[in-house]
Amino acid sequence: MDARGAASPAGIGVEDGGATVAIAWSDGRSSRFPAIFLADNRPEARHGLDGQRLTDALELPDIVTVREAAIVAAGVEVAFSCFAAPSLFDPAWLRDHALDPASRAARRCARQLWDAALGTSIPAETYDAVSVDAAALARWLGCVDRLGFALLHDVPAVPGTVCAVVGLFGYVRETNYGRLFDVESVERPHNLAFTALGLGNHTDNPYRDPVPQLQLLHCLEAAGEGGESVVVDGFAAADRLRREAPAAFDLLTRTLVPFRYVETGAVDLRHAAPLIELDVAGGVKTVRYNNRSIGPLDIDADDVPAFYAAYRQFGRLLHDPTMTVGFRLRQGDLFIVDNRRVLHGRRGFAGGRRHLQGAYADADSLTSKLRILAGRA
Ligand code: OGA
Ligand code: ZN
């Protein structure tokens with residue numbers, strides 16, 4: 001271990017005729033570094049400490065080999081056949097970028113799936129705390145990152161404040177609904193959200209490409225009766241579907257579903273995408289579910305019944321009381337969801353002049369802010 005308690009290199013060797021450098025770490029982990037990876041990432045190939053890469057991998061020879069590698073006082077020294085001077089690597093950099101399975105797993109986002117039990121301890125902070133206290137902001141953003149959902153209490157019930165909350169970590173994503181949008185029951189609504197009707201659990205705007213990644217809803221005035229909010233972890237539901245009905249899960253990852261939103265003469269937004277979208281490793285990346293904007297399918301007639309069976313099975317899981325968390329927004333409450341993962345809905349309402357304001361934002365600024373707050377950048 002070094003002075004900071006991090007694992008340090010305890011042994012080093014050149015293997016595979018110079019194609020690999022193997023490092024044994026003080027905590028027992030061992031990592032293999034391909035020569036081309038080290039050559040491309042050698043410190044001299046970057047401009048300054050935070051700098052961008054100065055070189056292009058194209059400039060390397062077809063076959064890169066290491067002549068010698070040694071642990072020295074200043075770090076790990078690697079001599080490449082193709083460069084005259086050896087390169088000096090920071091052991092912390094090597095550990096942070098090691099390619100063995102344990103090191104790679106440690107770098108992955110700690111996503112936590114949840115179900116109705118989250119309702120007993122809904123993650124929440126206050127607006128005052130996240131505005132002045134970096135630790136509170138880090139906790140709140142950390143919940144959004146891990147759980148895809150968090151509440152914020154005591155947000156001043158002043159129109160426009162939802163944008164100030166976005167400003168704590170990033171930038172508003174403006175859409176045809178505006179920089180922010182008012183969610184209230186109006187006379188001639190374009191969108192069922194702007195009525196007093198209940199809304200089934202849904203992700204917003206699946207007709208956009210890309211979908212808005214984060215959604216915030218701020219309660220300026222609560223309903224007299226009803227209007228309760230519901231959230232559900234779409235990734236947890238997809239995970240259950242994968243376990244309980246693998247063929248249905250598979251079908252929903254492979255079927256393009258057309259979504260559409262039209263305001264005559266103003267917008268005609270369309271995007272076709274699977275209800276469950278996977279990443280390259282087969283993990284769930286995005287869930288889309290919105291009964292209001294799903295369009296007629298455009299698939300082979302023979303495939304339609306099986307699609308509906310899978311779609312309905314997924315929909316039942318997304319509304320299963322053992323999976324959902326319900327709560328009532330009071331004046332000054334705000335909730336944020338990762339709209340690629342967590343669905344939201346509301347019960348119908350009556351009485352009072354219920355008024356929410358919503359805004360969208362992208363998630364890259366949020367995760368960037370989290371890293372800065374954690375001092376990891
Ligand atoms: C929305 C929405 C929920 C609510 O505006 O996207 O889902 O509680 N609103 O009004
Ligand atoms: Zn919505």
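Structure shown above.
Cut-off values and rules
Residues numbered from 1 in each chain as written. Chains lettered and ligands numbered in written order. Predicted model: local features only at pLDDT ≥ 70, side-chain atom pairs only at ≥ 80, totals over all residues. Heavy atoms only, no water. Helix = DSSP H or I, 4+ residues; strand = E, 2+ residues; numbered from the N terminus. Buried < 20%, exposed > 50% of the residue type's maximum accessible area, 1.4 Å probe, protein only. Contact = heavy atoms within 4.5 Å. Areas by Shrake-Rupley, 256 points an atom, 1.4 Å probe, with all protein chains shown as cover. Lys, Arg positive; Asp, Glu negative; His and termini not counted. Charge placed at Lys NZ, Arg CZ, Asp CG, Glu CD. Salt bridge = Lys/Arg side-chain N within 4 Å of Asp/Glu carboxyl O. Near = heavy atom within 4 Å. Polar contact = N/O pair within 3.5 Å; in protein donor to acceptor, adjacent residues only side chain to side chain. Nonpolar A, V, L, I, M, F, W, Y, C, P; charged D, E, K, R; others polar. Phe/Tyr/Trp six-rings, centres within 6.5 Å; stacked < 30°, edge-to-face > 60°. Lys NZ or Arg CZ within 6 Å of the ring centre and 35° of its normal. Core = buried A, V, L, I, M, F, W, Y, C linked by side-chain atoms within 4.5 Å. Pairing = 2+ DSSP bridges. Axes fitted to C-alpha atoms, helices over the stretch in contact; angles between N-to-C directions.

Caption draft 1: Here's a closer look at the overall build of the protein chain. When helices and strands are tallied, the protein chain shows ten helices and 22 strands. Oriented by its inertia axes, the alpha-carbon framework of the protein chain measures out at about 75 × 55 × 40 Å. A buried classification covers 47% of the 377 residues belonging to the protein chain. Expressed as a percentage of contacts within the protein chain between residues at least 6 apart in sequence, the contacts between residues at least 24 apart total 70%. Total accessible area computed for the protein chain in this model is approximately 18,700 Å², and 51% of it derives from carbon and sulfur atoms. In the protein chain, 40 side chains carry a positive charge and 47 a negative one; their mean positions are 3 Å apart.

Caption draft 2: A look at the pattern of salt bridges. One pass over the full model with this rule turns up 18 salt bridges. Across the salt bridge formed by Arg-53 and Asp-40, the nearest N and O atoms sit 3.3 Å from each other. Residue Arg-53 is located in the loop between helix H1 (35-40) and strand E4 (66-72), and its partner Asp-40 is located in helix H1; the two are separated by 13 residues in the primary sequence. Here Asp-40 falls in the buried class, since its relative accessible area comes to 18%. Here Arg-328 ties to Glu-228 by a salt bridge, and the two come within 3.9 Å at their closest N and O atoms. Taken together, the residues span a long stretch of sequence, with Arg-328 in the loop between strand E18 (324-327) and strand E19 (334-338) and Glu-228 in the loop between strand E12 (225-226) and strand E13 (229-233) at a distance of 100 residues.

Caption draft 3: Focus on the site of ligand 1. Taken together, Val-183, Ala-193, Leu-199, His-202, Asp-204, Gln-215, Leu-217, His-344, Arg-346, Arg-354 and Leu-356 make up the full set of residues adjacent to ligand 1. Asp-204 is positioned such that a nitrogen or oxygen atom in its side chain is 3.0 Å from an oxygen atom of ligand 1. At a separation of 2.7 Å, an oxygen atom of ligand 1 approaches a polar side-chain atom of Arg-354. In the complex, 98% of the free accessible area of ligand 1, which totals 290 Å², lies under the protein chains. Where the shell around ligand 1 is concerned, the elements lending two or more residues are strand E10 (199-202), strand E11 (214-221) and strand E20 (342-346). When the residues that make up the shell around ligand 1 are grouped by side-chain class, the tally is five nonpolar, three polar and three charged.

Caption draft 4: Up close: the packing of aromatic side chains. Per the counting criterion, the structure on display carries 18 aromatic pairs. With centroids separated by 5.5 Å and ring planes inclined at 90 degrees, the aromatic side chains of Phe-327 and Phe-335 adopt a geometry described as edge-to-face. For the pair shown, Phe-327 and Phe-335 are each scored as buried. Each residue in the set Tyr-177, Phe-181, Phe-194, Tyr-207, Tyr-261 and Tyr-360 is aromatic and connected to the rest through ring pairs, giving one cluster. Seen from the ring of Trp-25, Arg-95 lies directly overhead, with NZ or CZ sitting 5.3 Å from the centre.

Caption draft 5: View of the nonpolar core. Residues Trp-140, Phe-149, Val-165, Val-231, Leu-241, Phe-314 and Phe-335 are the most contacted members of the largest nonpolar core, which totals 78 residues. At seven residues, the largest contribution of residues to this core is made by helix H5 (residues 134-147). Discounting residues that sit within four places of it in the chain, Trp-140 has contacts with Glu-125, Val-130, Ala-150, Leu-151, Leu-152, Val-165, Leu-334 and Ile-336.

Caption draft 6: Just the pairing of E4, in detail. Here six bridges tie E4 to strand E5 (residues 75-80), and the two strands are oriented antiparallel to one another. Its bridge partner being in E5, Val-66 is matched across the sheet by Phe-80. Joining the antiparallel neighbours E4 and E5 is a turn of two residues.

Caption draft 7: Region of the structure containing the sheet that holds strand E7 (residues 124-126). Taken in spatial order, the six strands of this open sheet run E7-E8-E19-E11-E22-E9, and their pairing is mixed. With partners counted over all chains shown, the strands left at the sheet margins are E7 and strand E9 (181-183), one partner each. The average angle at which neighbouring strand axes cross in this sheet is 25 degrees, direction not considered. As paired strands, E11 and strand E22 (residues 355-361) are joined by seven bridges and run antiparallel to one another. Bridging across to E22, Leu-216 finds its partner in Ala-359. This element, H5, spans E7, strand E8 (149-153), E11 and E19 of the sheet and lies at about 150 degrees to E8.

Geometric values such as these leave the question of function open.
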